[in-house]
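# Remarks on the overall topology
Here are the chains, one letter per residue:
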Amino acid sequence: MSLSQLPLTSPSLQSMIKLPMHENLIGQSPLIREVNETIRRLALSNLTVLVTGESGTGKDIAAHLLHRLSPRYGKPFIKVNCPAIPEGILESELFGYERGAFTGARTSKPGRFELANHGTIFLDEIAETSYTVQGKLLQVLEGEAFMRIGGVTPVKTDVRIVAATNVNLEDAVKQKRLREDIYFRLSEVIVRMPSLRDRTEDVPLLAEHFNFNFSKKLGREYEPIPAESLARMQELPWNGNVRELAGVIKKFVTTRNAAVLLEVQEQPNRLTAVHSQPASTSAPRSATPANPPVPPVSNARKSVSLKEATRLAVEKTERELITQTLKATLWNRRKAAKLLDISYSSLLRRIDAYGIGKADFE
Ligand SMILES: Nc1ncnc2c1ncn2[C@@H]1O[C@H](COP(=O)(O)OP(=O)(O)OP(=O)(O)O)[C@@H](O)[C@H]1O
Ligand SMILES: [Mg+2]
């Protein structure tokens, strides 16, 4: 569908433009319409759903919609970012533990499955879980009861499971990262999120949706994007998908310079500047001259030890480097981890610890 066949002036498209961000899967293409219809239909069932798709294609929105449009709406929606939770802790986080189950378990604690009772649990990045956790997950996926760690009483919950992944699960099975039985179970119902490059007819609508919302959010007057720019934007690769488009529009709203609309990344992982700055875990190795890594020890803070100053400096450098890398990879955490030469889960833990939010890039 060309731009001329998609007049953004029609009332239905105008109302779509004005919908709040991050809640709906905006688009008019047959691909996104089909996804929306499938979600609407699946939301009414209790089926376990696997949402797949590249980073930035809207998997989080899809998972939320599966809950919001379901009879479970109003009950808890619990998202578990699997790799962000250290491997040894994930099992107890999901399934809970009884008092005395392990050192430090002074009280008993329900897991997230119990907390999500009557609602939905969203297991994001499901392939990043250990075989032990996957075994227990399979039990729940089969509708069986599970035990809290150290427990003797089976716990039965009524939880709808939605899982997501941005990796190819068949490869994960081949690499022995994902149990085959869980793969078969999860691949029964799949919602595939299309890449933006496969539905470029949605670019103008999405662009105006972000233009309208960012203008409102940033207190700027809403000015529609020139039709010529919209047409040219449809030809771009959008490797970072809708997230990249949103970022570009945000920049446009703040600068009002139409040239930024065409500045997309050909290769989301082309990171020359970051390559030369390895992640430091022991001591600060890099800093921009304007931003010295070691905080000055002022008279008022004479008590700051060298060790503490080093720790703060390391944290500051790490935070900056991680933020920079995530920006350059358009929040593709797997690529960012590779570039930073740290493990994926270790990157996710740092993102959590430093409170780096996706919103910083959107
Ligand atoms: N169809 C869409 N309509 C409107 N906004 C969208 C759409 N798809 C994605 N977005 C927006 O793009 C950004 C990325 O979406 P989301 O976080 O759901 O992607 P994801 O597939 O979960 O990515 P990741 O694999 O990195 O977790 C968010 O700001 C989201 O609101
Ligand atoms: Mg996501």
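From a predicted model like this one, the values you see are computed outputs, not experimental measurements. (Residues numbered from 1 in each chain as written. Chains lettered and ligands numbered in written order. Predicted model: local features only at pLDDT ≥ 70, side-chain atom pairs only at ≥ 80, totals over all residues. Heavy atoms only, no water.)

### As for the overall build of the protein chain
- Regarding its fold elements, the protein chain presents 15 helices and 7 strands.
- Going through the 362 residues of the protein chain one by one, you find that 49% of them count as buried.
- Counting only contacts in the protein chain whose residues sit at least 6 apart along the sequence, the fraction spanning at least 24 positions is 73%.
- When the accessible surface of the protein chain is split by element, carbon and sulfur atoms take 52% of a total near 18,000 Å². (Helix = DSSP H or I, 4+ residues; strand = E, 2+ residues; numbered from the N terminus. Buried < 20%, exposed > 50% of the residue type's maximum accessible area, 1.4 Å probe, protein only. Contact = heavy atoms within 4.5 Å. Areas by Shrake-Rupley, 256 points an atom, 1.4 Å probe, with all protein chains shown as cover.)

### Notes on the site of ligand 1
- Around ligand 1, 22 residues are found, and the nearest of them are His22, Ile26, Ser55, Gly56 and Lys59.
- Arg243 is positioned such that a nitrogen or oxygen atom in its side chain is 3.1 Å from an oxygen atom of ligand 1.
- Here Arg333 contributes a side-chain N or O atom positioned 3.1 Å from an oxygen atom of ligand 1.
- Protein coverage of the free-state accessible area of ligand 1, which is 630 Å², stands at 98%.
- Of the residues belonging to the shell around ligand 1, the class tally is 7 nonpolar, 7 polar and 8 charged. (Near = heavy atom within 4 Å. Polar contact = N/O pair within 3.5 Å; in protein donor to acceptor, adjacent residues only side chain to side chain. Nonpolar A, V, L, I, M, F, W, Y, C, P; charged D, E, K, R; others polar.)

### Topic: the sheet that holds strand E6 (residues 160-165)
- Read from one edge to the other, the open sheet built from 5 strands follows the order E2-E3-E6-E1-E7, with strand pairing classed as parallel. The strands lining the two open edges of the sheet, one partner per strand, are strand E2 (77-81) and strand E7 (190-192). Sheet twist, expressed as the mean angle between neighbouring strand axes with direction ignored, is 20°.
- The pairing of strand E1 (residues 49-52) with E6 spans 4 bridges and is parallel. If you follow Val51 over to E6, its bridge partner there is Ala164.
- Strands E1, E6 and E7 of the sheet are contacted by helix H2 (residues 30-43), whose axis makes an angle of about 155° with E7. (Pairing = 2+ DSSP bridges. Axes fitted to C-alpha atoms, helices over the stretch in contact; angles between N-to-C directions.)

### A look at the nonpolar core
- Judged by nonpolar contacts, the single largest core of 32 residues is most densely connected at Val80, Leu94, Phe113, Ile121, Leu123 and Leu137.
- Elements supplying a minimum of two residues to this core: E2, helix H4 (87-95), strand E3 (120-124), helix H6 (131-141), E6, helix H7 (169-174) and helix H8 (180-186).
- Of all the elements, H6 adds the most residues to this core, at 5 residues.
- The contacts of Leu94, once residues within four sequence positions are left out, are Val80, Gly111, Arg112, Phe113, Ile121, Leu123, Val133 and Leu137.
- If you look at the next biggest cluster of nonpolar residues, it comprises 29 residues, including Leu13, Ile26, Phe214 and Leu245. (Core = buried A, V, L, I, M, F, W, Y, C linked by side-chain atoms within 4.5 Å.)

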